[in-house]
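The residues making up each chain are set out below.
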Amino acid sequence: MDTLGQYYVVARQLYSEDSFKETHEKIHRRRKTLLDHVKDYFTCDSKRAKNAALSLLPIVGWMKIYRVKEWLLSDIVSGVSTGLVAVLQGLAFSLLASLPASYGLYTAFFPVIVYFFLGTSRHISVGSFPVLSLMVGQVVTRLVPDTGSPVNITGLEGLSQDEQRVIVASSVTFLTGLFQLAMGLLQAGFIVIYLSDTLVSGFTTAAAVHILVSQLKFVLGLTVPGLSGPLSIIYTLEIIFGQITSTNICDLVMSIIIMVAVFFVKEINDRFKSKLPVPIPIEVIMTIIACGLSYGFNFKEKFRVDVVGQMVKGYESPIPPNVEVMQYSIAEAFPMAIVGFAVAFSVAKVYAVKHDYVIDGNQELVAFGASNIFGASFRSFVASTALSRSAVQESTGGKTQIAGLISAMMAMIVTVGIGFLLEPLPKSVLGALVIVNLKGMLLQVTELPYLWRRDRPDFVVWLGTCVAAILLGLDLGLAVGLGIELLTVVFRTQFPRCAVLANIAGTDLYRDRKDYLCISEPDGVMIFRIPSPIFFANIEFFRNKLTEAVGFNPLRVLRKRNKALRKIRKMLSAGMLQVTKRGVLPTGYSSANDSEDEGKMEELDLPSDYSNLPVQVNWNSQLPANICVPRVPIHSLILDFAAVSFLDMSAMKGLKAALKEFIRVDVEVYIVSCDENILDKLCSCKFFDDEIRTSMFFPTIHDAMTYVQKKHPQEDTPYKDQRRKTPTKTKEACTKL
């Protein structure tokens, strides 16, 4: 917006906070107490019950406005396209979960049915997500390893390895759903705000590295046991490179061809997406070709290629979760619940903004929790959303979750009717499809140079999260990333960038004095900005920065002055000083009486007592008898509290002590732009006394500066060049004139 040449003129009286309150009457509102909020939460009437029912069943809301003639055909086309992708991703991501491929189709069906009724997003495609699938796989391989006996868990006896793994995966999924449902019912959707975009980017990049390594055994046709825990990725790579000479050439060549073909066609889809009615389903095409070739040339027997094998036909009866498995996997299930919700909510929020509708974070938690609980009962694993699959659903014209329902029907058709056609599909094909779809997540590493140039703390969060998740595992890596992120927040608030402000000449604006050339700085006045809340962790930093800015330590100056007053009184009483019309003159010296009385040191911190002195002491002028007292170069200090959002009790004590130190060395202190809630808190906490008064508070910097200039009239230099040398810290030198 161009504002050059535009002006505004305001003529008003000068206000302090006290005079403003006297002039403008404030409305006193009754603030709700915790008990009031509890009563409101549990109060129910017909209108609230209706709204609650509609919020729990969002389908009722969007079904009312559904345009059958305009949207139905688009939803059908989108659903079929998304369903084809969902089927292939379900098969591929089930390998990440260390489960038989057919169970990925369950994840593409059961959670979608529940989300259709409970979800608030109309465009995300619910189903398997590679990061969550890998996290499930790590739990599965820990409890039911590839080699050796599984963990002693009641209910797994007499079952095959695949059956044991299915029970473990479904139990973990059930627990994840319980966490999500509980957070949704407790209105804990805000928890996602603690996962910043930077943290999620670093975490998903690390997950992509784990996924890539986990799929190498399928691409190379090697037998590598699934490992989990810290440094598991290093041990897995060690095993892979130890067996590299045993690579199955057929698997490798087939994987390379598929990855190259899929990569180039996806680039074509991205470049010409505005001209293509639907993206070219290259994954489906390559899967059909690979299935045909594998069946026709009998890859399994001739080239010892590992294939999908027997598919489960139809759906099995529901099963209860295994409680012991849930006990063993609590530490992994909670991060899964957070990551699954965070990813889905981020994607849903993008499409909600694009298509102008509202999503509810708490209801999304309820929807995904119920979806995972229901899906786990039918042997599916943790569901969220995949960015690529959701992009297909939205870009092919999907308007509502009817498209998602149709995609679930596609998965059901494959499961019930034509799943046997996928039995000769080589697992290396699925591994290649997984790897080629990691492009977006792996390319997030290109964000690092930008973060390094623009925001170093975010760079540390990204790199720390990524490295920790790669080396320690995804669950511990996420915890480390959260710890680093919280530390950066603490660092930003504990060590803020304080600044000395100056007036931009000819305006009522005040900016950092180091950044501008034409500034106005009246002598003896300093404006200090605090750009963060003040609390127990940064109050000492604030006091040190303030002392550094003014160039002297007020407490030390006060002690020096009180010592000097003691000495002056002793010399007057001993006749060593004489009061004349020209001032106080020394009349003699006594070595015995020159030593300072060091007793009662606590009295040195009290306000200076000038009673019973025959003269007025000017501390910035010549003092008799070589008395040394540091000079105070300012008479007024203005503290800008515009960015101070809260003060805790420790900060109030430290602030009060700091203000008194300046006031006791004859520096007038003014606080400006203080939030009214903070001012009310200061009043209620008895912050004010005979020295610190409410009259030192002003609504703006310009009000305080105008008041100071009227109280201390002087000829100030209106323009100063920022290239001048910064005043050095005042030396505590003796005043000898």
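Everything quoted here is computed from the prediction, not taken from an experiment.

Caption draft 1: Region of interest: the overall build of the protein chain. Helix and strand counts for the protein chain stand at 29 helices and eleven strands. For a compact globule of 737 residues, the expected C-alpha radius of gyration is about 27 Å, and the protein chain comes in at 36 Å, more than 25% above that figure. When the backbone C-alpha atoms are referred to their principal axes, the protein chain occupies close to 120 × 60 × 55 Å. Every one of the 737 residues in the protein chain was classed for burial, and the buried ones make up 48%. For the protein chain, long-range pairs separated by at least 24 residues make up 82% of all intrachain contacts whose partners lie at least 6 apart in sequence. For the protein chain, the exposed surface amounts to about 37700 Å²; the carbon and sulfur share of it is 61%. Side chains of the protein chain give 73 positive and 66 negative charges; the mean places of these two sets differ by 4 Å.

Caption draft 2: Focus on the packing of helix 5 (residues 68-96) against helix 20 (residues 427-436). Where helix 5 contacts helix 20, the axes come no closer than 9 Å and their chain directions differ by 95°. Judged on the interaxial angle alone, helix 20 and helix 5 are roughly perpendicular. In contact with Leu88, Leu91, Ala92, Phe93, Leu95 and Leu96 of helix 5, helix 20 contributes Lys427, Leu430 and Val434. For the contact of helix 5 with helix 20, the class distribution of residues is eight nonpolar, no polar and one charged.

Caption draft 3: Examining a nonpolar patch on the surface more closely. On the surface, a cluster of nonpolar side chains totalling about 740 Å² of accessible area is made up of Leu227, Leu231, Ile234, Tyr235, Leu463, Val467, Leu471, Leu472, Leu476 and Val480. For the nonpolar patch, the leading source of residues is helix 23 (residues 456-472), giving four residues. Secondary-structure assignment places leucine 227 in the loop between helix 10 (197-220) and helix 11 (232-242).

Caption draft 4: View of unusual backbone geometry. Its identity is not glycine, yet serine 98 carries a phi of approximately 60°, on the positive side. Along the chain, serine 98 falls in the loop between helix 5 and helix 6 (103-107). Exposure remark for serine 98: the relative accessible area of 18% places this residue in the buried category. Look at leucine 231: it is not a glycine, yet its phi comes out positive at around 65°. With respect to the helices and strands, leucine 231 occurs in the loop between helix 10 and helix 11.

Caption draft 5: Structural view of the nonpolar core. Counting residues in each nonpolar core, the largest one holds 120 residues, and the members touching the most others are Val131 and Val168. Broken down by element, the residue count for this core peaks at 13 residues, all from helix 16 (residues 330-355). Once residues within four sequence positions are removed from consideration, valine 168 is found in contact with Val139, Val140, Leu143, Val144, Leu156 and Val325. Judged by nonpolar contacts, the second largest core, of 39 residues, contains Val500, Phe541, Phe552 and Ala651.

Caption draft 6: Representation of the packing of aromatic side chains. Evaluation of the coordinates by the stated rule reveals 32 aromatic pairs. With 5.8 Å between their ring centres and 75° between their planes, tyrosine 670 and tyrosine 707 make a pair best called edge-to-face. Placement of the pair is tyrosine 670 in strand 10 (residues 668-672) and tyrosine 707 in helix 29 (residues 701-711), with a sequence separation of 37 residues. For tyrosine 670, a relative accessible area of 5% translates into the label buried. Exposure remark for tyrosine 707: the relative accessible area of 33% places this residue in the partly exposed category.

Caption draft 7: Looking closely at the pairing of strand 3 (residues 499-504). Buried residues dominate strand 3, accounting for six of its six residues. Here strand 3 pairs with strand 6 (residues 525-529) via three bridges, running antiparallel. If you follow leucine 501 over to strand 6, its bridge partner there is isoleucine 527. Relative to strand 4 (residues 510-512), strand 3 runs antiparallel, the two being bridged by three bridges.

Caption draft 8: Seen up close, the side chain of threonine 385. Position of threonine 385 among the secondary structure elements: in strand 2 (residues 384-385). Residue class for threonine 385 comes out buried when judged on its relative accessible area of 0%. From its side chain, threonine 385 meets the backbone oxygen of serine 125 in a polar contact 2.8 Å long. Of note is the side chain of threonine 385, whose polar atom sits 2.6 Å from the side chain of serine 390. Look past the residues within four positions of threonine 385 in its chain and what remains in contact with it is Ile124, Ser125, Gly127, Phe129, Val343, Ala344, Val347 and Ser390.

Conventions we followed
- Per chain, the residues get numbers from 1 upward, laid out in the order the sequence is written.
- Two thresholds apply to this predicted model, a pLDDT of at least 70 for residue-level local features and 80 or more for giving and counting side-chain atom pairs, whereas whole-chain, interface and lining totals are computed over all residues.
- The basis for every side-chain value is the complete set of non-hydrogen atoms in the structure, without hydrogens or water.
- Helix and strand assignments follow DSSP, with helices taken as H or I runs no shorter than four residues and strands as E runs no shorter than two, numbered in order from the N terminus.
- Here the radius of gyration uses the C-alpha set of atoms, whereas the globule reference equals 2.2 Å times the residue count to the power 0.38.
- Between buried and exposed lies partly exposed: a residue is buried under 20% and exposed over 50% of the maximum accessible area for its type, with that area taken using a 1.4 Å probe on protein chains only.
- Only heavy atoms enter the contact rule, under which two residues are in contact if any of them lie within 4.5 Å.
- Accessible areas in this description were obtained via Shrake-Rupley with a 1.4 Å probe; residue shielding takes into account the shown protein chains only.
- Under the convention used here, Asp and Glu are negative, Lys and Arg are positive, and both His and the chain ends fall outside the count.
- Every charge is mapped onto a representative atom, which is NZ of Lys, CZ of Arg, CG of Asp or CD of Glu.
- Every axis in this analysis is a line fitted to C-alpha atoms, fitted for helices over the stretch in contact. Angles between the N-to-C directions lie between 0 and 180 degrees.
- Angular relationships are summarised with four words: roughly parallel below 35 degrees, roughly antiparallel beyond 145, roughly perpendicular across 65 to 115, and oblique for the angles in between.
- Here the term charged refers only to Asp, Glu, Lys and Arg, the term nonpolar to Ala, Val, Leu, Ile, Met, Phe, Trp, Tyr, Cys and Pro, and the term polar to all other amino acids, Gly among them.
- Residues enter patches when their relative accessible area tops 30% and they take part in no salt bridge; the joining distance is 9 Å for like charges and 5 Å for the nonpolar side chains Val, Leu, Ile, Met, Phe, Trp and Tyr.
- The term salt bridge refers to a side-chain nitrogen of Lys or Arg lying within 4 Å of a carboxyl oxygen of Asp or Glu.
- The set of buried Ala, Val, Leu, Ile, Met, Phe, Trp, Tyr and Cys residues whose side-chain atoms join them within 4.5 Å is what this entry labels a nonpolar core.
- For this analysis, a ring pair means two rings from Phe, Tyr or Trp (six-membered ring only for Trp) whose centres lie within 6.5 Å, classed as stacked if their planes differ by under 30 degrees, edge-to-face if by over 60, and tilted for the remaining angles.
- A pair of strands is labelled paired if DSSP reports no fewer than 2 bridges between them.
- A 3.5 Å cut-off defines polar contacts: any pair of N or O atoms within that distance qualifies, except that in protein one atom must be a possible hydrogen donor and the other a possible acceptor, and neighbouring residues in sequence count only when both atoms are side-chain atoms.

By themselves these figures say nothing about function.
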